[in-house]
Amino acid sequence: EVQLQASGGGLVQAGGSLRLSCAVSGLTFGNSAIAWFRQAPGKEREGVACIVSDNDDTVYSDSVKGRFTIASDNAKNTVYLQMNSLKPEDTAVYYCAAAVDGDYDEWDPDDMDYWGKGTQVTVSS
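The sections below set out a description of the structure shown in this document.

1. Points about the sheet that holds strand β7 (residues 68-73)
Sheet strands associate in pairs through backbone hydrogen bonding, adopting either a parallel or an antiparallel arrangement.
Step number 1: Here 4 strands make up an open sheet; going across it, the order is β1-β3-β8-β7 and the pairing antiparallel. Looking along the sheet, the strands with just one partner apiece sit at the ends: β1 (3-7) and β7. Going across the sheet, the axis of each strand differs from the next one's by a mean of 15°, ignoring polarity.
Step number 2: Here 5 bridges tie β1 to strand β3 (residues 18-25), and the two strands are oriented antiparallel to one another.

What follows is the structure, encoded as structure tokens:
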């Protein structure tokens, strides 16, 4: 059984930092990707960052580039999202997801095969 567990959300002041974790189990890494998405009330689910497991290449949305960093710890089977210089507009429920079939668009939520429960990030002004 594939499971993804997101954690690390919370309340932080603008300019602060949080680190989200996505613990992955039951998944054989290869031609796959782990991605972070977020969804604010009244808005569509938005891709934030993605790491490709076969080469550890990383991709970021323009809105978070330079502020967020995605990284993997293979020994712990965990993917992290380090969020710095947080802004109120970063407030959302953050989800981690996995695409494993090798024919995916990492920016398309519909291409994700597995989802974890979201963790709330709230940035106050």
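2. Looking at unusual backbone geometry
Step number 1: Positive phi is not limited to glycine here, since Asn 77 has a value of about 50°.
Step number 2: By the element assignment, Asn 77 lies in the loop between β7 and β8 (78-83).
Step number 3: Under the relative-accessibility criterion, Asn 77 is labelled partly exposed at 24%.
Step number 4: With a phi angle near 50°, Ser 85 is a residue other than glycine that sits in the positive phi range.
Step number 5: Here Ser 85 lies in the loop between β8 and β9 (92-99).

3. Quick look at the pairing of β9
Step number 1: Of all 8 residues that make up β9, 7 are buried, and the element is covered over most of its length.
Step number 2: Where strand β4 (residues 33-39) lies against β9, 7 bridges are found, and the strand directions are antiparallel. The partner of Gln 39 across the bridge, within β9, is Val 93.
Step number 3: Relative to strand β11 (residues 119-124), β9 runs antiparallel, the two sharing 3 bridges. Counted as the bridge partner of Ala 92 is Val 121 from β11.
Step number 4: Of the pairings in the sheet, the one linking β9 to strand β10 (residues 114-115) comprises 2 bridges and is antiparallel in character. By the bridge assignment for β10, Ala 98 is matched with Tyr 114.

How each quantity is defined
- Residues numbered from 1 in each chain as written.
- Predicted model: local features only at pLDDT ≥ 70, side-chain atom pairs only at ≥ 80, totals over all residues.
- Heavy atoms only, no water.
- Pairing = 2+ DSSP bridges.
- Helix = DSSP H or I, 4+ residues; strand = E, 2+ residues; numbered from the N terminus.
- Axes fitted to C-alpha atoms, helices over the stretch in contact; angles between N-to-C directions.
- Buried < 20%, exposed > 50% of the residue type's maximum accessible area, 1.4 Å probe, protein only.

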